[in-house]
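Residue-level structure breakdown
Residues per chain are reported as follows:
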Amino acid sequence: MLESWTIHRATRVGALAFALGIALPFGAHAQEWVFRGGPGNPGPSIDAYVNQVGPEASIVPHGSLQIDGKSVNCGKRPTVLNPAFDSWGGAFPGFLILNTNKISGLTTQVKLYIYSHECGHQFVGADEIQADLFAIRRGVRWGWLDAQGMEDICVFISKLKGDSVHPPGPKRCETMRKYYQKLIENGTQTTSSPVDSGAHTLGPTR
Ligand SMILES: [Zn+2]
């Protein structure tokens, strides 16, 4: 899990939430910040978010983000790099958040998993398991996830405790590992050109 929520940080995020009139899902055990607003509550615009975070945040437009030299995308959604973010990554409807400091020591496949998990929220909504499976499916289809990467993801995620919305890390590892095996056994094809039409969005739309 996220080691701690500092009072400063929680206050700041709380202030953002207050300013934007949104309900925040986090608590002492939060490990990832995913917007869970309901109908009629679209969340902040990316500009509003960046303005609230301050000068340390920067926007990477769609098509420009690279992770360890690999180009990644989440449909046409931009990414906010926020080195002070409380978790490795997060998601609001319409954009993603990556903490460049927090992910810097991780392996490439774990970084890609984190990005893809947050991207998954754009398509599957707030469900954490479905976002995990989205990331694994993407990794296999796009060819960046192999057995070693799956193990790296498990080592990473298994350290996380669960909270009200995230199952315990070891359980998430087990679920993802089984799904990875199934995809491999079914011969899921790698696609050479990742196309992400956004047509299957069931979650937040912008
Ligand atoms: Zn998530």
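Residues numbered from 1 in each chain as written. Predicted model: local features only at pLDDT ≥ 70, side-chain atom pairs only at ≥ 80, totals over all residues.

Brief notes about the overall build of the protein chain
In terms of helices and strands, the protein chain carries 7 helices and 7 strands. Shown N-terminal to C-terminal, the secondary structure of the protein chain runs as helices and strands in the order α-β-α-β-β-β-β-β-β-α-α-α-α-α. Considering only contacts in the protein chain between residues 6 or more positions apart, those separated by 24 or more positions represent 59%. (Helix = DSSP H or I, 4+ residues; strand = E, 2+ residues; numbered from the N terminus. Contact = placed C-beta atoms within 7 Å.)

Some remarks on the environment of D47
Mapped onto the fold, D47 is located in helix α2 (residues 46-53). Its 9 C-beta neighbours within 10 Å are what place D47 among the exposed residues. In sequence terms D47 and I59 are 12 residues apart; their C-alpha atoms lie 8.9 Å from each other. (Buried ≥ 20, exposed ≤ 12 C-beta atoms within 10 Å, placed from the backbone.)

Digging into the confidence of the model for the protein chain
Of all residues in the protein chain, 77% have pLDDT values of 70 or greater, and the mean over the chain is 81. Put simply, helix α1 (residues 7-20) is where the protein chain has its lowest mean pLDDT, 39, and helix α6 (residues 147-158) is where it has its highest, 98. Counted against residues more than four places away or in other chains, residues 1-30, with its pLDDT under 50, gives 31 contacts. Below a pLDDT of 50 lies the segment residues 195-206, which in the model reaches 22 contacts outside its immediate sequence neighbourhood of four places, other chains included. (pLDDT = per-residue confidence, 0-100.)

Some thoughts on the nonpolar core
The nonpolar side chains of a soluble globular protein tend to be buried with one another. Within the largest apolar cluster, 34 residues are counted, with the highest numbers of intra-cluster contacts made by A91, L96, I97, Y115, I136 and M176. For this core, the elements supplying multiple residues, two or more each, are α2, β6 (89-92), β7 (95-98), α4 (108-124), α5 (128-142), α6 and α7 (169-185). If we ignore the near neighbours within four places in the chain, the residues touching Y115 are I67, V72, G89 and L98. (Core = buried A, V, L, I, M, F, W, Y, C linked by C-beta atoms within 7 Å.)

Topic: the pairing of β7
Every second residue of β7 is oriented toward a common face, with F95 and I97 on one face and L96 and L98 on the other, all of them buried. Across 3 bridges, strand β5 (residues 79-81) lies against β7 in parallel orientation. Paired with V80 across the two strands is I97, which belongs to β7. Across 4 bridges, β6 lies against β7 in antiparallel orientation. Paired with G90 across the bridge in β7 is I97. Joining the antiparallel neighbours β6 and β7 is a turn of 2 residues, in which G94 adopts a positive phi near 100°. (Pairing = 2+ DSSP bridges.)

Considering the packing of α5 against α7
Following both chains from N to C, one finds α5 and α7 inclined at 35°, their axes separated by 10 Å at the closest point. In the packing of α5 onto α7, the handedness of the crossing is right-handed. Contact residues: I129, D132, L133, I136, R137 and V140 in α5; R172, T175, M176, Y179, Y180, L183 and I184 in α7. In terms of residue class, the contact of α5 with α7 is built from 9 nonpolar, 1 polar and 3 charged. (Axes fitted to C-alpha atoms, helices over the stretch in contact; angles between N-to-C directions. Left-handed = near helix turned anticlockwise from the far one by under 90°. Nonpolar A, V, L, I, M, F, W, Y, C, P; charged D, E, K, R; others polar.)

Let's talk about unusual backbone geometry
The backbone phi angle of D68 is positive, close to 50°, even though this residue is not glycine. Along the polypeptide, D68 turns up in the loop between β3 (66-67) and β4 (70-71).

As for α7
Relative to the 24 Å expected for 17 residues at 1.5 Å per residue, α7 spans 24 Å between its end C-alpha atoms, a close match to the ideal helical length. Residues of α7 that are buried include every one of R172, C173, M176 and Y180, and no others. Axial view of α7: buried residues confined to an arc of 100°, hence all on one face. In α7, those exposed residues whose orientation departs by more than 90 degrees from the buried face are K178, Q181, K182 and E185. The elements touched by buried residues of α7 are α5 and α6. Directly after α7, the chain includes G187, whose backbone phi takes a positive value near 70°. (Expected span 1.5 Å × (residues − 1). Arc of directions from axis to C-beta.)

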